[in-house]
Amino acid sequence: MKFNLNLASRRYVNKRALYYGFVTALCILLLFGGWEVSSLISSNNALQLNQQRLVEAKKKLQAFRGGPTKTLSIQERALLEKESSVVTDLLALDAFRWTELLDRMEKLLPKGVSLNSFSPDYKKKSLNLNGNARTLKDMRIFLDRLLKKEIFKQVYLKNHSRIKVKDYADIDRDAISFSLQLEGVF
(Lines give C-alpha, C1' and ligand atoms only; values in the text may rest on other atoms or scores of the structure.)
Protein backbone atom coordinates (compact mmCIF):
# COMPACT_ATOMS: atom_id res chain seq x y z
CA MET A 1 0.00 0.00 0.00
CA LYS A 2 1.38 3.24 -1.08
CA PHE A 3 0.26 6.51 0.36
CA ASN A 4 0.64 9.45 -1.75
CA LEU A 5 0.28 12.64 0.15
CA ASN A 6 1.50 15.92 -1.12
CA LEU A 7 1.67 18.23 1.78
CA ALA A 8 2.62 21.19 -0.38
CA SER A 9 -0.49 21.16 -2.47
CA ARG A 10 -3.21 20.72 0.02
CA ARG A 11 -3.78 21.21 3.69
CA TYR A 12 -4.63 18.21 5.72
CA VAL A 13 -6.79 19.31 8.67
CA ASN A 14 -9.32 17.16 10.39
CA LYS A 15 -12.16 19.67 10.39
CA ARG A 16 -14.50 17.41 12.29
CA ALA A 17 -12.11 17.00 15.24
CA LEU A 18 -11.36 20.72 15.19
CA TYR A 19 -15.09 21.53 15.24
CA TYR A 20 -15.69 19.18 18.20
CA GLY A 21 -12.74 20.74 20.05
CA PHE A 22 -14.13 24.24 19.55
CA VAL A 23 -17.59 23.18 20.69
CA THR A 24 -16.16 21.46 23.76
CA ALA A 25 -14.06 24.52 24.68
CA LEU A 26 -17.07 26.80 24.15
CA CYS A 27 -19.23 24.59 26.41
CA ILE A 28 -16.58 24.62 29.14
CA LEU A 29 -16.28 28.42 28.89
CA LEU A 30 -20.07 28.81 29.05
CA LEU A 31 -20.22 26.56 32.13
CA PHE A 32 -17.51 28.54 33.92
CA GLY A 33 -19.15 31.82 32.87
CA GLY A 34 -22.54 30.65 34.18
CA TRP A 35 -20.98 29.53 37.44
CA GLU A 36 -19.28 32.95 37.86
CA VAL A 37 -22.52 34.80 37.10
CA SER A 38 -24.45 32.69 39.64
CA SER A 39 -21.78 33.25 42.33
CA LEU A 40 -21.83 37.00 41.55
CA ILE A 41 -25.62 37.08 41.95
CA SER A 42 -25.51 35.13 45.24
CA SER A 43 -22.72 37.41 46.56
CA ASN A 44 -24.76 40.46 45.61
CA ASN A 45 -27.83 39.04 47.39
CA ALA A 46 -25.74 38.27 50.49
CA LEU A 47 -24.33 41.81 50.44
CA GLN A 48 -27.81 43.33 50.25
CA LEU A 49 -29.00 41.09 53.09
CA ASN A 50 -26.03 42.10 55.26
CA GLN A 51 -26.68 45.78 54.51
CA GLN A 52 -30.32 45.36 55.57
CA ARG A 53 -29.24 43.64 58.78
CA LEU A 54 -26.73 46.43 59.45
CA VAL A 55 -29.44 49.07 59.04
CA GLU A 56 -31.73 47.11 61.39
CA ALA A 57 -28.94 46.72 63.94
CA LYS A 58 -28.24 50.47 63.82
CA LYS A 59 -31.93 51.18 64.40
CA LYS A 60 -32.00 48.79 67.36
CA LEU A 61 -28.85 50.34 68.81
CA GLN A 62 -30.29 53.79 68.42
CA ALA A 63 -33.52 52.67 70.09
CA PHE A 64 -31.48 51.08 72.88
CA ARG A 65 -29.59 54.31 73.43
CA GLY A 66 -32.83 56.19 73.80
CA GLY A 67 -33.75 57.27 70.33
CA PRO A 68 -32.07 59.70 68.00
CA THR A 69 -29.51 62.04 69.49
CA LYS A 70 -30.82 65.45 70.39
CA THR A 71 -29.26 68.73 71.31
CA LEU A 72 -29.62 69.64 74.96
CA SER A 73 -30.52 73.09 76.15
CA ILE A 74 -28.36 74.88 78.68
CA GLN A 75 -30.79 74.13 81.52
CA GLU A 76 -30.99 70.42 80.63
CA ARG A 77 -27.21 70.22 80.42
CA ALA A 78 -26.80 71.93 83.81
CA LEU A 79 -29.34 69.52 85.33
CA LEU A 80 -27.51 66.51 83.90
CA GLU A 81 -24.15 67.80 85.17
CA LYS A 82 -25.64 68.32 88.63
CA GLU A 83 -27.08 64.79 88.67
CA SER A 84 -23.80 63.31 87.46
CA SER A 85 -21.88 65.14 90.19
CA VAL A 86 -24.28 63.70 92.80
CA VAL A 87 -23.78 60.21 91.38
CA THR A 88 -20.00 60.71 91.32
CA ASP A 89 -20.06 61.77 94.98
CA LEU A 90 -22.13 58.74 95.91
CA LEU A 91 -19.74 56.44 94.09
CA ALA A 92 -16.78 58.05 95.86
CA LEU A 93 -18.50 57.52 99.22
CA ASP A 94 -19.20 53.92 98.37
CA ALA A 95 -15.60 53.35 97.29
CA PHE A 96 -14.26 54.24 100.76
CA ARG A 97 -13.63 51.16 102.86
CA TRP A 98 -14.56 51.75 106.48
CA THR A 99 -13.20 48.40 107.56
CA GLU A 100 -9.70 49.46 106.50
CA LEU A 101 -9.97 52.70 108.47
CA LEU A 102 -11.27 50.93 111.56
CA ASP A 103 -8.51 48.35 111.28
CA ARG A 104 -5.88 51.11 111.14
CA MET A 105 -7.45 52.85 114.13
CA GLU A 106 -7.46 49.63 116.11
CA LYS A 107 -3.74 49.17 115.47
CA LEU A 108 -3.01 52.78 116.48
CA LEU A 109 -5.03 52.75 119.72
CA PRO A 110 -2.87 52.28 122.82
CA LYS A 111 -4.10 50.56 125.94
CA GLY A 112 -6.24 52.93 127.96
CA VAL A 113 -7.78 54.80 125.01
CA SER A 114 -11.21 54.15 123.58
CA LEU A 115 -13.10 55.84 120.76
CA ASN A 116 -16.75 56.68 121.24
CA SER A 117 -17.83 58.08 117.89
CA PHE A 118 -16.80 58.72 114.31
CA SER A 119 -18.33 61.64 112.40
CA PRO A 120 -17.28 61.80 108.73
CA ASP A 121 -17.39 65.03 106.74
CA TYR A 122 -17.09 63.96 103.11
CA LYS A 123 -16.96 67.46 101.67
CA LYS A 124 -13.94 68.44 103.78
CA LYS A 125 -12.53 64.91 103.55
CA SER A 126 -12.15 64.83 107.30
CA LEU A 127 -13.21 62.66 110.19
CA ASN A 128 -14.15 63.81 113.68
CA LEU A 129 -13.36 61.40 116.52
CA ASN A 130 -14.58 61.51 120.10
CA GLY A 131 -12.96 59.33 122.69
CA ASN A 132 -11.77 58.80 126.23
CA ALA A 133 -8.32 58.16 127.65
CA ARG A 134 -7.38 56.99 131.12
CA THR A 135 -4.53 59.44 131.44
CA LEU A 136 -3.05 62.38 129.60
CA LYS A 137 -0.07 60.18 128.72
CA ASP A 138 -2.34 57.64 126.96
CA MET A 139 -3.98 60.40 124.95
CA ARG A 140 -0.57 61.84 123.94
CA ILE A 141 0.65 58.38 122.85
CA PHE A 142 -2.43 58.06 120.63
CA LEU A 143 -1.87 61.52 119.15
CA ASP A 144 1.81 60.78 118.56
CA ARG A 145 0.93 57.53 116.75
CA LEU A 146 -1.56 59.35 114.55
CA LEU A 147 1.00 61.98 113.64
CA LYS A 148 3.94 59.59 113.25
CA LYS A 149 2.33 57.17 110.79
CA GLU A 150 1.53 60.01 108.33
CA ILE A 151 -1.69 58.28 107.33
CA PHE A 152 -3.60 61.53 107.59
CA LYS A 153 -2.68 64.99 106.30
CA GLN A 154 -3.40 66.79 109.56
CA VAL A 155 -4.47 65.81 113.06
CA TYR A 156 -6.11 68.48 115.19
CA LEU A 157 -6.97 68.20 118.88
CA LYS A 158 -10.20 70.18 119.01
CA ASN A 159 -10.77 69.94 122.77
CA HIS A 160 -10.18 67.82 125.81
CA SER A 161 -11.52 67.81 129.35
CA ARG A 162 -11.47 65.82 132.53
CA ILE A 163 -14.50 63.65 133.17
CA LYS A 164 -15.65 60.85 135.43
CA VAL A 165 -16.39 57.48 133.84
CA LYS A 166 -17.59 54.24 135.32
CA ASP A 167 -15.51 51.15 134.78
CA TYR A 168 -16.78 47.58 134.45
CA ALA A 169 -17.32 47.38 138.24
CA ASP A 170 -19.37 50.62 138.37
CA ILE A 171 -16.60 52.53 140.09
CA ASP A 172 -16.09 56.18 139.13
CA ARG A 173 -12.66 56.87 137.68
CA ASP A 174 -11.00 59.99 136.33
CA ALA A 175 -10.52 60.10 132.56
CA ILE A 176 -9.87 62.55 129.77
CA SER A 177 -12.47 63.11 127.10
CA PHE A 178 -11.07 64.37 123.80
CA SER A 179 -12.21 65.33 120.35
CA LEU A 180 -9.98 65.06 117.26
CA GLN A 181 -10.29 66.10 113.64
CA LEU A 182 -8.39 64.03 111.08
CA GLU A 183 -7.96 65.56 107.62
CA GLY A 184 -7.19 63.68 104.44
CA VAL A 185 -9.05 60.54 105.45
CA PHE A 186 -11.14 60.07 102.30
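Residues numbered from 1 in each chain as written. Predicted model: local features only at pLDDT ≥ 70, side-chain atom pairs only at ≥ 80, totals over all residues. Heavy atoms only, no water.

Undergrad: Is there a simple way to think about helix H1 (residues 15-65) in this case?
TA: Count 3.6 residues to each turn of an α-helix, and residues three or four apart come out pointing the same way. Compared with an ideal rise of 1.5 Å per residue, which puts 51 residues at 75 Å, H1 spans 74 Å between its outermost C-alpha atoms and is within 8% of the ideal. A positive backbone phi angle near 110° is found at Gly 66, which sits one or two residues after H1. (Helix = DSSP H or I, 4+ residues; strand = E, 2+ residues; numbered from the N terminus. Expected span 1.5 Å × (residues − 1).)

Undergrad: Would you take a moment to explain the sheet that holds strand E3 (residues 154-166) for this structure?
TA: Strand pairing in a sheet takes place through backbone hydrogen bonds and is either antiparallel or parallel in direction. An order of E1-E2-E4-E3 is seen for the four strands of this open sheet, with the pairing classed as antiparallel. In this open sheet, the two edge strands, each paired with only one partner strand, are strand E1 (113-121) and E3. Direction aside, the axes of adjacent strands within the sheet are offset by 15° on average. Of the pairings in the sheet, the one linking E1 to strand E2 (residues 126-133) comprises eight bridges and is antiparallel in character. (Pairing = 2+ DSSP bridges. Axes fitted to C-alpha atoms, helices over the stretch in contact; angles between N-to-C directions.)

Undergrad: When you look at the packing of aromatic side chains in this model, what are you seeing that I'm missing?
TA: Remark: the centre distance and the inter-plane angle together describe each pair of aromatic rings, the angle taken between the planes. Counting across every chain of the model gives two aromatic pairs. Ring centres 6.0 Å apart and planes at 50° place the aromatic pair Tyr 19 and Tyr 20 in the tilted group. Comparing Tyr 19 with Tyr 20 shows no difference in burial state: the two are exposed. Taking 6.1 Å as the distance between ring centres and 50° as the angle between the ring planes, the aromatic pair formed by Phe 142 and Phe 178 counts as tilted. (Phe/Tyr/Trp six-rings, centres within 6.5 Å; stacked < 30°, edge-to-face > 60°. Buried < 20%, exposed > 50% of the residue type's maximum accessible area, 1.4 Å probe, protein only.)

Undergrad: I'm lost on unusual backbone geometry in this one. Help?
TA: Only a minority of non-glycine residues have a phi that is not negative, and only a minority of peptide bonds are not trans. Look at Lys 125: it is not a glycine, yet its phi comes out positive at around 55°. Positionally, Lys 125 belongs in the loop between E1 and E2. For Lys 125, a relative accessible area of 46% corresponds to the partly exposed category. A positive phi angle, close to 60°, is found at Asp 170, a residue other than glycine. Tracing the backbone shows Asp 170 in the loop between E3 and strand E4 (172-183).

Undergrad: In this structure, what is going on with the nonpolar core? I would like to understand it.
TA: One broad trend across soluble globular proteins is that nonpolar side chains are buried collectively. In terms of nonpolar packing, the biggest core is built from 19 residues, with Met 105, Phe 142, Leu 146, Phe 152 and Leu 182 touching the most fellow members. Where this core is concerned, the elements lending two or more residues are helix H3 (98-108), E2, helix H4 (136-148) and E4. With sequence-adjacent residues up to four places away left out, Phe 152 is seen in contact with Leu 101, Arg 104, Met 105, Leu 146, Leu 182, Glu 183 and Val 185. (Core = buried A, V, L, I, M, F, W, Y, C linked by side-chain atoms within 4.5 Å. Contact = heavy atoms within 4.5 Å.)

Undergrad: Would you mind going over the side chain of Ser 126 with me for this structure?
TA: Along the polypeptide, Ser 126 turns up in strand E2. The class for Ser 126 is buried, based on a relative accessible area of 1%. Those residues in contact with Ser 126 that sit more than four places away from it in its chain are Ser 119, Pro 120, Asp 121, Gln 181, Leu 182, Glu 183 and Phe 186.

Undergrad: Help me out: how do you make sense of the pattern of salt bridges in this one?
TA: When the charged atoms of two side chains with opposite charge come close together, those side chains can pair. If you walk through the whole model with that rule in mind, you get three salt bridges. Where Asp 103 meets Lys 107, a salt bridge forms, and the shortest distance between an N and an O atom there is 3.5 Å. With Asp 103 and Lys 107 both in helix H3, this residue pair falls four residues apart, about one helical turn. With a shortest N-O distance of 2.8 Å, Asp 174 and Lys 164 are connected by a salt bridge. Remark: Lys 164 occurs in strand E3 and Asp 174 occurs in strand E4; sequence separation between them is 10 residues. (Salt bridge = Lys/Arg side-chain N within 4 Å of Asp/Glu carboxyl O.)

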